[in-house]
Amino acid sequence: MKVGDLIKCKVFGDISLIVEIDHNHHISYGLRREPAPYLVKGARTLEWLTADYIENDCEVISESR
């Protein structure tokens, strides 16, 4: 997946736009840090998501040119 792709969550049906990909970005869960390289714009927010979620639980519905 790449910047500009429109993606849809296979489970919930949410549609988002991939805004940025930064493989050095991490999110923190207490003391644990997890890679979250995908910045996506949903209906209400911008949020960083993990590669596992984006690549396994989402599908591209409109590919960027």
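Residues numbered from 1 in each chain as written. Predicted model: local features only at pLDDT ≥ 70, side-chain atom pairs only at ≥ 80, totals over all residues. Heavy atoms only, no water.

Here we come to the layout of surface pockets. What the largest pocket holds in volume is close to 250 Å³. Lining the largest pocket are 16 residues, and of these Asp14, Ile15, Ser16, Gly42 and Glu47 lie nearest its centre. Those elements that place two or more of their residues in the lining of the largest pocket are strand S1 (6-9), strand S2 (15-21), strand S6 (46-49) and helix H1 (51-57). Of the residues belonging to the lining of the largest pocket, the class tally is nine nonpolar, four polar and three charged. (1 Å grid on protein atoms, 1.4 Å probe; cavity = no way out; pocket = protein on both sides within 12 Å on 5 of 7 lines; lining within 4 Å. Points joined across faces, edges and corners; volume = space filled by probe spheres on them. Helix = DSSP H or I, 4+ residues; strand = E, 2+ residues; numbered from the N terminus. Nonpolar A, V, L, I, M, F, W, Y, C, P; charged D, E, K, R; others polar.)

With that settled, consider the nonpolar core. Generally speaking, nonpolar side chains in soluble globular proteins are found buried as a group. Among the nonpolar cores identified, the biggest contains seven residues, and these are Ile7, Ile18, Tyr38, Val40, Leu49, Ile54 and Cys58. Apart from the residues within four sequence positions on either side, leucine 49 is in contact with Ala36, Pro37, Tyr38, Val40 and Ile54. (Core = buried A, V, L, I, M, F, W, Y, C linked by side-chain atoms within 4.5 Å. Buried < 20%, exposed > 50% of the residue type's maximum accessible area, 1.4 Å probe, protein only. Contact = heavy atoms within 4.5 Å.)

Of all residues in the protein chain, 100% have pLDDT values of 70 or greater, and the mean over the chain is 95. Ranking the elements of the protein chain by mean pLDDT puts strand S3 (residues 26-29) last with 91 and strand S5 (residues 38-41) first with 98. (pLDDT = per-residue confidence, 0-100.)

Of the pairings in the sheet, the one linking S1 to S2 comprises three bridges and is antiparallel in character. Across the sheet, leucine 6 pairs through a bridge with leucine 17, a residue of S2. Here S1 hands over to S2 after five residues, with glycine 13 in that stretch at a positive phi of 85 degrees. The pairing of S2 with S5 spans four bridges and is antiparallel. Among the inter-strand pairings, glutamate 20 is bridged to a residue of S5, identified as leucine 39. (Pairing = 2+ DSSP bridges.)

Attention now moves to the sheet that holds S1. Spatial strand order, S6-S5-S2-S1-S7: five strands in an open sheet with antiparallel pairing. Either end of the sheet is taken by a strand with one partner, and the two such strands are S6 and strand S7 (58-62). Ignoring strand direction, the axes of neighbouring strands in this sheet form an average angle of 40 degrees. Where S1 and S7 come together, four bridges link them in antiparallel fashion. Note on S7: the bridge partner recorded for leucine 6 is serine 62. (Axes fitted to C-alpha atoms, helices over the stretch in contact; angles between N-to-C directions.)

On to the side chain of serine 16. Note on placement: serine 16 falls in strand S2. The exposure class assigned to serine 16 is buried, which follows from its relative accessible area of 13%.

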